[in-house]
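Structural features, examined
Listed below are the residues making up each chain.
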Amino acid sequence: MVQDDRKAESGTEAPAAAEPLAVPSEYIASYERARAADPSRARNYIVHTMIGDPVCDTMMAQFAEVPLQEADRFIRAAIEDPDDPALKDAPASVQAFVEELETVPEWVDHDAFRGGVRAFHRDSSACLAAMLGGVLVEGFTTTIARSFFITGRLRDQGVRRLRQNNRHMIELFLPGGLDVRGDGWRLSVRIRLIHAKVRHLFNTSDDWDTAAWGEPLSAAQVGFAVTAFSARMLQHMRSLGADYSESERDGFMAVWRYSGHLMGIPASVLYRDYDDALEVFRIGRLCEPDPGLESVALANALVNSAPVVAGITEPAARRKLAKYIFVVSRALIGDEVADQLNYPPSRTLGVLAWFRMQRRYHQLMRRRFPKLSGESSFAAFSTLLEVSALQELGIDYRLPDHVYAEQSRRW
């Protein structure tokens, strides 16, 4: 870690902006690259690489002194029923957590979500395909990939994790999903708790180098991720042929912004609107080091797991669908990033235009000849996430109890 004593330019939202900046050593070169593009945003991003989630991080530290089943009980009560008498015996930090959950920011407008809900349900297949082919892969280009790689979560339980991602997004965009204790609300809070527990496990092990890598699952990384799931998602959806109005776009952004708040992203790194999110995404990518071996492994594992999620069991059919997804994904994320991730070489000229044409044809076929519409890679790709998303109907608040997924209880 190095100290950057230069004063931050005006306009930064980072806390204590004028104080010396601690830069994780792996970010030194990329930070200079980002500073050349936007000094204030770059500094703000780097500040948040050293921030986790103070409220939940304290809670996880206190839970370490509590029997595991007791901690499970406190967590469920805090989320499901904060009036539960059992919470009287909970660590003091639990009350601070409950107070945060019960406080809805002034900017939250549930009526504003309706446009986003409309856009999602009108074209959920494009949204979910954009997530797999673009957003999740781009998310793994950041150093967040290292935490997933070390835990083995994607390697060991990749299919289940992909389904959990799908379910979270679907629940967010169901009417009432973000009402207090709605399923989208609860799943967002669950993600916050998982991040905090994984941070605690890393910070009490020898597997993480904070001076080099920053906080595991830092506020910067999670703030970046939610810009990908929102603004970047909308860009990919449009590339795949989806259409939406400005009010629908803003509603989509409002849904993800509130979800990001529930996931514990501090206001200082949580986007305000569509344009702001695109800038956070752009500068965040510049701040992040170039993708490493962990990013390569996880991005490729993600694409190769998609046919399994779709329920395709025949090896040749799995390979065919994975190859198709690689081509579409390369067209979405661009050759430079795809090459960094060691994607198979392929030409992308006309790929998205062809995808959009297939999409229109498939929509027509589904209406007129539903039995014949599923016999193509496009059909499998565009529906694979929908058919698998809701296989787990309950919400389980159990958290991992070991850094390595294969040694942890199921969560």
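As the structure is a computational prediction, the values presented were derived from the model and not from experiment. (Residues numbered from 1 in each chain as written. Predicted model: local features only at pLDDT ≥ 70, side-chain atom pairs only at ≥ 80, totals over all residues. Heavy atoms only, no water.)

1. Details of the side chain of arginine 146
- Looking at the element boundaries, arginine 146 is found in helix H8 (residues 144-151).
- For arginine 146, a relative accessible area of 11% gives the class buried.
- Once residues lying within four places of it in the same chain are set aside, the contact partners of arginine 146 are Glu26, Trp208, Trp213 and Glu294. (Helix = DSSP H or I, 4+ residues; strand = E, 2+ residues; numbered from the N terminus. Buried < 20%, exposed > 50% of the residue type's maximum accessible area, 1.4 Å probe, protein only. Contact = heavy atoms within 4.5 Å.)

2. Details of the packing of helix H10 (residues 183-203) against helix H13 (residues 246-262)
- Taken N-terminus to C-terminus, the directions of H10 and H13 make an angle of 45°; their axes are 8 Å apart at the nearest point. Viewed along their axes, H10 and H13 adopt a mutual orientation that is oblique. Here H10 runs over H13; the crossing is right-handed. From H10, Trp185, Ser188, Val189 and Arg192 reach across to H13, where they touch Tyr258, Ser259 and Leu262.
- Taken together, the residues that form the contact of H10 with H13 break down as four nonpolar, two polar and one charged. (Axes fitted to C-alpha atoms, helices over the stretch in contact; angles between N-to-C directions. Parallel < 35°, antiparallel > 145°, perpendicular 65-115°, else oblique. Left-handed = near helix turned anticlockwise from the far one by under 90°. Nonpolar A, V, L, I, M, F, W, Y, C, P; charged D, E, K, R; others polar.)

3. Digging into the pattern of salt bridges
- Under the criterion given, the structure shown has 29 salt bridges.
- The closest approach of N and O atoms between glutamate 100 and arginine 192, which form a salt bridge, is 2.7 Å. Here glutamate 100, found in helix H5 (residues 92-102), pairs with arginine 192, found in helix H10; they are 92 residues apart in sequence, far enough to count as distant.
- Arginine 282 serves as the salt-bridge partner of glutamate 279, at 2.9 Å between the closest nitrogen and oxygen. Of this pair, glutamate 279 and arginine 282 both sit in helix H14 (residues 274-287), three residues apart, roughly one helical turn.
- Overall, the relative accessible area of 25% leaves glutamate 279 in the partly exposed class. (Salt bridge = Lys/Arg side-chain N within 4 Å of Asp/Glu carboxyl O.)

4. Regarding the confidence of the model for the protein
- Looking at the protein, the pLDDT average stands at 87 and 86% of residues meet or exceed 70.
- Confidence drops under a pLDDT of 50 for residues 5-14, and excluding neighbours within four residues, the segment shows 22 contacts in the predicted structure. (pLDDT = per-residue confidence, 0-100.)

5. Describing unusual backbone geometry
- Of note, the phi angle at leucine 217 is positive, near 50°, even though the residue is not glycine.
- Mapping leucine 217 onto the fold places it in the loop between helix H11 (210-213) and helix H12 (219-239).
- For asparagine 342, which is not glycine, the phi torsion reads 60° and is therefore positive.
- Its place among the elements puts asparagine 342 in the loop between helix H17 (335-340) and helix H18 (351-368).
- With a relative accessible area of 52%, asparagine 342 lands in the exposed category.

6. Some details on the packing of H8 against helix H15 (residues 293-309)
- Contact geometry of H8 with H15 gives a least axis separation of 8 Å together with a crossing angle of 70°. Regarding the angle of H8 to H15, the classification is roughly perpendicular. In this structure, H8 crosses over H15, and the sense of that crossing is left-handed. Residues Ala145, Arg146, Phe148 and Phe149 of H8 pack against Glu294, Ser295, Ala297 and Leu298 of H15.

7. Re H15
- If you check H15, its first and last C-alpha atoms are 24 Å apart, about what 17 residues at 1.5 Å a residue would give, namely 24 Å.
- Most of H15 is tucked away: 12 of the 17 residues are buried.
- The complete set of buried residues in H15 reads Glu294, Ser295, Val296, Leu298, Ala299, Asn300, Leu302, Val303, Ser305, Ala306, Pro307 and Val309.
- A positive backbone phi angle near 80° is found at glycine 311, which sits one or two residues after H15. (Expected span 1.5 Å × (residues − 1).)

8. What to know about the packing of aromatic side chains
- Scanning all chains against the criterion turns up 10 aromatic pairs.
- With a centroid separation of 6.4 Å and an interplanar angle of 15°, the aromatic rings of phenylalanine 63 and phenylalanine 74 are classed as stacked. Of this pair, phenylalanine 63 sits in helix H3 (residues 54-63) while phenylalanine 74 sits in helix H4 (residues 68-80), placing them 11 residues apart in sequence. Residue phenylalanine 63 shares its accessibility class with phenylalanine 74, and that shared class is buried.
- Note on phenylalanine 224 and phenylalanine 281: the rings are 4.8 Å apart at their centroids and 15° apart in plane angle, and the pair reads as stacked. In this pair, phenylalanine 224 sits in helix H12 while phenylalanine 281 sits in helix H14, placing the two residues 57 residues apart along the sequence.
- Across the ring face of tyrosine 244, the terminal group of arginine 238 is positioned such that the distance to the ring centre comes to 4.0 Å.
- Directly above the aromatic system of tryptophan 107 lies the positively charged group of arginine 257, at a separation of 3.8 Å from the ring centroid. (Phe/Tyr/Trp six-rings, centres within 6.5 Å; stacked < 30°, edge-to-face > 60°. Lys NZ or Arg CZ within 6 Å of the ring centre and 35° of its normal.)

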